[in-house]
Amino acid sequence: MKNSYKFFENRECKYFPCHKGLENFNCMFCYCPMYQKEQCLGNPSFIERGERKIKDCSQCSFPHIPENYEKIIAFLKQ
């Protein structure tokens, strides 16, 4: 895919790819914009530390799949 307003791939990032197994890896949402929301479109797990729940997105690749750009934008507009 070509870099655009919906897709950006940074192969020179020292963490690239931060998730394995994707052919077209979208770095547009390097930091997931849904992280602060407990309910999101991805598949996070949660780590419990005392009374705190910590969202763990290390196994989620949802924001890095190019076709999910529009879904994320629509979710954020809600």
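Residues numbered from 1 in each chain as written. Predicted model: local features only at pLDDT ≥ 70, side-chain atom pairs only at ≥ 80, totals over all residues. Heavy atoms only, no water.

## So, the pattern of salt bridges
Part 1 of the reasoning: Enumeration according to the criterion identifies 3 salt bridges in this entry.
Part 2 of the reasoning: Measuring nitrogen to oxygen at the nearest pair gives 2.9 Å for the salt bridge that ties Arg11 to Glu9.
Part 3 of the reasoning: Judged by relative accessible area, Arg11 falls into the exposed class, the value being 58%.
Part 4 of the reasoning: With a closest N to O distance of 3.0 Å, Glu38 and Lys53 form a salt bridge. Taken as a pair, Glu38 in the segment before strand S1 (45–49) and Lys53 in strand S2 (residues 52–56) lie far apart in primary sequence, 15 residues in all. (Salt bridge = Lys/Arg side-chain N within 4 Å of Asp/Glu carboxyl O. Buried < 20%, exposed > 50% of the residue type's maximum accessible area, 1.4 Å probe, protein only. Helix = DSSP H or I, 4+ residues; strand = E, 2+ residues; numbered from the N terminus.)

## A look at the environment of Leu76
Part 1 of the reasoning: Assignment of secondary structure puts Leu76 in helix H1 (residues 69–77).
Part 2 of the reasoning: With relative accessibility at 33%, the residue Leu76 sits in the partly exposed group.
Part 3 of the reasoning: With 57 residues separating them in the primary sequence, Leu76 and His19 have C-alpha atoms 23 Å apart.
Part 4 of the reasoning: Beyond its immediate sequence surroundings of up to four residues, Leu76 is in contact with Pro33, Met34 and Lys37. (Contact = heavy atoms within 4.5 Å.)

## Focus: the side chain of His64
Part 1 of the reasoning: Relative to the helices and strands, His64 resides in the loop between S2 and H1.
Part 2 of the reasoning: Not counting chain neighbours up to four residues away, the residues in contact with His64 comprise Cys18, His19, Leu22, Asn24, Phe25, Asn26, Phe29 and Cys30.

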